[in-house]
Amino acid sequence: MGQGLPRVPLRRPADGVTPAGEKYTYKATDMSVGDVHGDGAYEYVLKWEPSNSKDVSQVGYTGNTYIDTYESDGTLLYRIDLGVNIRSGAHYTQFPVYDFDGDGRAELMMKTAPGTSITRYAKDGTATSREYVTMPRADVRAGHSHKDDYRLSAESYHDHLVEMFQGWHEHPEVVGGNWPATIERALGAEDELSFRYPLSRTDAEELADYFIDVYAPARSSRNKLRDFEGFILDGPEYLTVFDGSTGAELDTERYPVPRGDDGLLWGDYAMANIEPGNRVDRFLSGVAYLDGRHPSAVFSRGYYTRATIVTYRWDGRKLREQWHVDSGHAPMANPFNDRPHGVEGTDPEYGRLTSQGFHSLSAADVDGDGRQEIVYGSATVDDDGDLLYSSYDVLPEGSEAPGELAKLGHGDAMHVTDLDPQHPGLEIFTVHEDARAPYGYAMRDAATGEALWGGFAGYDVGRGMVGDIDPGIPGYEAWSSDPGPSGTPLGLWAANGERIGDSGPGTNHSIRWAGDMTTQIIRGGDLYGDYTTPTLVNGRGDTLLTAEGATTVNGKHPSLVADVLGDWREEMLLATRDSSAMRIYTSTELTDHKLYTLMHDPQYRVEVARQQTTYNQPSYTSFYLASDMDWAQVPTPGRRR
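Here the structure is a predicted model, which means the values were calculated and not measured.

Chemist: Tell me what's going on with the packing of aromatic side chains, and back it up with residues and numbers.
Modeler: The relative placement of two aromatic rings is captured by the distance of their centres and the angle of their planes. If you walk through the whole model with that rule in mind, you get 21 aromatic pairs. For the ring pair F165 and F336, a centre distance of 6.4 Å and an interplane angle of 75 degrees mean the geometry is edge-to-face. Taken together, the residues F165 in helix α2 (residues 154-166) and F336 in the loop between β20 (319-326) and β21 (362-364) connect sequence positions 171 residues apart. As far as the burial class goes, F165 and F336 line up, both buried.

And the structure:
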């Protein structure tokens, strides 16, 4: 029922060794597509991650991240080396590929830093040039260079704490009376420690030792800050536009939202698990037609606490900011012991955005005005940057505070399209992580954010999927499960919320593969990285294809699922186990349904551009696409590439 087309050969980066002496190798991970030459054919943009890539919440160095662009025959055009000052992992390098300026050729945008370089290659594979991104003159004058290495060792992190503690008395939150006046009071150690402020170097060192060796381990056994290394908590951050065909740097600006600090204000020290640099370094990106005609780049920093979104237009010469959304930080009474999730930010207009972001975002015209909005998890920002809504609901019986109004909050999976043709407009199906949230899973009206149906869980519901897996039931079906190794199913529901079963066929990724316009599911392995052979199954769980010799990203999803060949069916792009090539699997099942290429639908096209972002989510059309679709409701596609 499917076949792999001729492979796209890949050129795997050389193995490396960390400053701690640990060896690592490289694996092909996320992929995107774009017509970088303007000749009507897609090129393939691939992200290479080292075997030691990891979250900031996990201790250790990572190797460099690389972004390659290949022609379909495997010709490597150029390689972008993000350098040592960009941590490698799912949350740190998002790379939308799109024709932003309308010249018929796609560009790339991504976060860069000192040390980011571009190497170009000739047809025979030899390197022809290597250049670094342009650093702002102010950074050069300040002494920054492309030789800088901002990764911290355990010793330098100790020094970092000492400097932070020495400046405690001058911190605006301390001066304003919002935080404890002394470190020892903040750590609950006034009976053991007492110092005169401003702290001397010696006293600050003693406090740093106490924090690392006594306070942090008492909060959680995971807090082994003497082993803290490989983290990047300082240094310049940039946003760079690259020419898609040559890799040439077109413009570099400062990253729109700076860290501000190492995560202290973001809540990274407040929870039981102390994770400096974690919440502050969570990034999303995407593309949206905010005016209904021109594509804008969307970049976001933060979603657990403070939430920021900035949109840009690229005119072929200069990045120009359109609007900037910032919730402000989530207020805390004590940055070393508080619950910063679920509270309102300090900004009077956008404060309700805090804690509502997901590990992905979507662009969709949720209000039917011809312009796309940014669906930011449990909140949606209007096309002009105003907050359209932030979703709350009343906590039910069995929750922590029955009757109270609470945010729907953060989650790991989100699906935005016309899921229920009997309900006007688009819908959003999400699962939610916070045990204190009013829903563990919910179907919402995309225009208003109001929950149409859902259920309270009281724990992290980590997986959720939608699809037309039963053609006998109108609308998309929806199902969810917890994120543990067993993946305990919560249920299977019809689009109207009627429970129709106990579980769905899988929650890794979906694909439109069959000729009858139903949805199929790709199974890739479990959350914890058992890289089993990917399989493709139907709604009953029957295996349609086994991709022997191929692998998934993070044990879960393909490198890309998209209609790259063009018959409305989607292709599945999987790297071979040795990352020597990318396979493109396509359905061979005949169909009597005729529809334009999904890439011509504006929502689907921008969803493909954002699919590489963090926890990859399927791409959806702006209209109801299923076995029982009303063909009279299929919109005429606009001219968008």
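Chemist: I'd love a proper account of the sheet that holds strand β16 (residues 249-254), names of residues and values included.
Modeler: The strand order across the open sheet formed by four strands is β9-β10-β15-β16, and the pairing between neighbours is antiparallel. Both outer strands of the open sheet, β9 (97-98) and β16, are each paired with one neighbouring strand and no more.

Chemist: I'd love a proper account of empty space enclosed by the protein, names of residues and values included.
Modeler: As enumerated under the stated definition, the model contains four cavities of 30 Å³ or more in all. The volume enclosed by the largest cavity comes to roughly 150 Å³. Along the walls of the largest cavity sit 15 residues, with R463, T507, N508, N616 and Q617 positioned nearest its centre. At the level of elements, β27 (413-417) and β31 (463-467) are the ones that each hand at least two residues to the lining of the largest cavity. With three residues, β31 is the largest single contributor of residues to the lining of the largest cavity. The class makeup of the residues in the lining of the largest cavity is four nonpolar, eight polar and three charged. When its volume is computed, the second largest cavity comes out at roughly 70 Å³.

Chemist: How would you sum up the UniProt feature "domain: Rhamnogalacturonan lyase family 11 C-terminal" (unreviewed entry) in the protein? Please name residues and give values.
Modeler: Here the UniProt feature "domain: Rhamnogalacturonan lyase family 11 C-terminal" (unreviewed entry) sits at residues 8-117 and 224-634. From the first C-alpha to the last, residues 8-117 spans 24 Å; its make-up is 0% helix and 39% strand.

Chemist: Describe the pattern of salt bridges, and please don't skip the residues or the numbers.
Modeler: Inspection of every chain in the model, using the stated rule, returns 36 salt bridges. Where D149 meets R151, a salt bridge forms, and the shortest distance between an N and an O atom there is 2.7 Å. Overall, the relative accessible area of 16% leaves R151 in the buried class. Between E253 and K318 there is a salt bridge, with the nearest N and O atoms lying 2.8 Å from each other. You can see E253 sitting in strand β16 and its partner K318 sitting in the loop between β19 (308-314) and β20, a full 65 residues away along the chain. Among the residues examined, K318 registers a relative accessible area of 34% and is labelled partly exposed. Salt bridges linked by common partners bring K111, E237, R259, D281 and R301 together as one network.

Chemist: Account for helix α6 (residues 602-610), with residues named and values stated.
Modeler: Counting buried residues in α6 gives nine out of nine residues, a clear majority hidden from the surface. By the burial criterion, the buried members of α6 are P602, Q603, Y604, R605, V606, E607, V608, A609 and R610. Against the buried residues of α6 lie β5 (26-34), β9, β17 (283-288), β21, β27 and β40 (560-562).

Chemist: Mind laying out the packing of α2 against helix α5 (residues 201-219), listing which residues take part and the relevant values?
Modeler: Where α2 contacts α5, the axes come no closer than 8 Å and their chain directions differ by 120 degrees. By the angle between their directions, the pair α2 and α5 is classed as oblique. In the packing of α2 onto α5, the handedness of the crossing is right-handed. In this structure, α2 uses Y157, H158, D159, L161, V162, E163, F165 and Q166 to contact α5, whose residues at the interface are R201, A204, E205, L207, A208, D209, F211 and I212.

Chemist: Got a sec to walk through the environment of Q611? Specific residues and values, please.
Modeler: Tracing the backbone shows Q611 in the segment after α6. Judged by relative accessible area, Q611 falls into the buried class, the value being 1%. Once the C-alpha coordinates of Q611 and P96 are considered, the two residues, 515 residues apart in sequence, prove to be 8.8 Å apart. Once you skip the residues sitting within four places of it in the chain, Q611 turns out to touch H509, L560, V561, N616, Q617 and S619.

Chemist: So what's going on with the nonpolar core? Residues and values would help.
Modeler: Grouped together as the largest cluster of nonpolar side chains are 76 residues, with contacts concentrated most on Y157, L161, F165, F211, Y269, F336 and L353. The leading source of residues in this core is α5, at eight residues. Discounting residues that sit within four places of it in the chain, L161 has contacts with A208, F211, I212 and Y269. Counting residues in hydrophobic clusters, the runner-up holds 55 residues, among them Y66, A413, V466 and A575.

The rules we used
Residues take numbers from 1 onward in each chain, read along the sequence in its written order. The predicted nature of this model means local features are confined to residues of pLDDT at least 70 and side-chain atom pairs, given and counted, to a pLDDT of 80 or more, with totals for whole chains, interfaces and linings taken over all residues. Computation of side-chain values: all heavy atoms of the structure, hydrogens and water removed. Only Phe, Tyr and Trp rings take part, Trp by its six-membered ring, and two of them pair if their centres are within 6.5 Å. Stacked means planes under 30 degrees apart, edge-to-face means over 60, and tilted covers everything else. Going along the chain from the N terminus, every DSSP run of H or I of four or more residues is numbered as a helix, and every run of E of two or more is numbered as a strand. Accessibility here uses a 1.4 Å probe with only protein chains present; expressed as a share of the type maximum, an area under 20% marks a residue as buried, one over 50% as exposed, and anything in between as partly exposed. In this analysis, strands are considered paired if DSSP registers two or more bridges between them. Site definitions follow a grid-based scheme: protein atoms alone, a 1 Å grid, a 1.4 Å probe that fits but cannot get out for cavities, and for pockets an open set with protein on both sides within 12 Å along at least five of seven lines, plus lining residues having an atom within 4 Å of a point. Grid points are joined across faces, edges and corners, and a volume is the space filled by probe spheres set on the points. Under the scheme applied, nonpolar residues are Ala, Val, Leu, Ile, Met, Phe, Trp, Tyr, Cys and Pro; charged residues are Asp, Glu, Lys and Arg; polar residues are all the others, including Gly. UniProt positions are given in the numbering used here, feature names are shortened, and annotations may be inferred rather than shown by experiment. Each salt bridge in this description consists of a side-chain nitrogen of Lys or Arg and a carboxyl oxygen of Asp or Glu lying within 4 Å of one another. Contacts are residue-level and defined by heavy atoms, with any inter-residue pair within 4.5 Å sufficient. Axis geometry follows a simple rule: fit a line to the C-alpha atoms, using only the stretch in contact for helices, then measure angles between N-to-C directions, giving values from 0 to 180 degrees. Should an angle lie under 35 degrees it is considered roughly parallel, over 145 roughly antiparallel, and from 65 to 115 roughly perpendicular; all remaining angles are considered oblique. Here a crossing is taken to be left-handed if its near helix is turned anticlockwise relative to the far helix by less than a right angle, and right-handed if that turn runs clockwise. What is meant by a nonpolar core is a set of buried Ala, Val, Leu, Ile, Met, Phe, Trp, Tyr and Cys residues, joined one to another through side-chain atoms within 4.5 Å.

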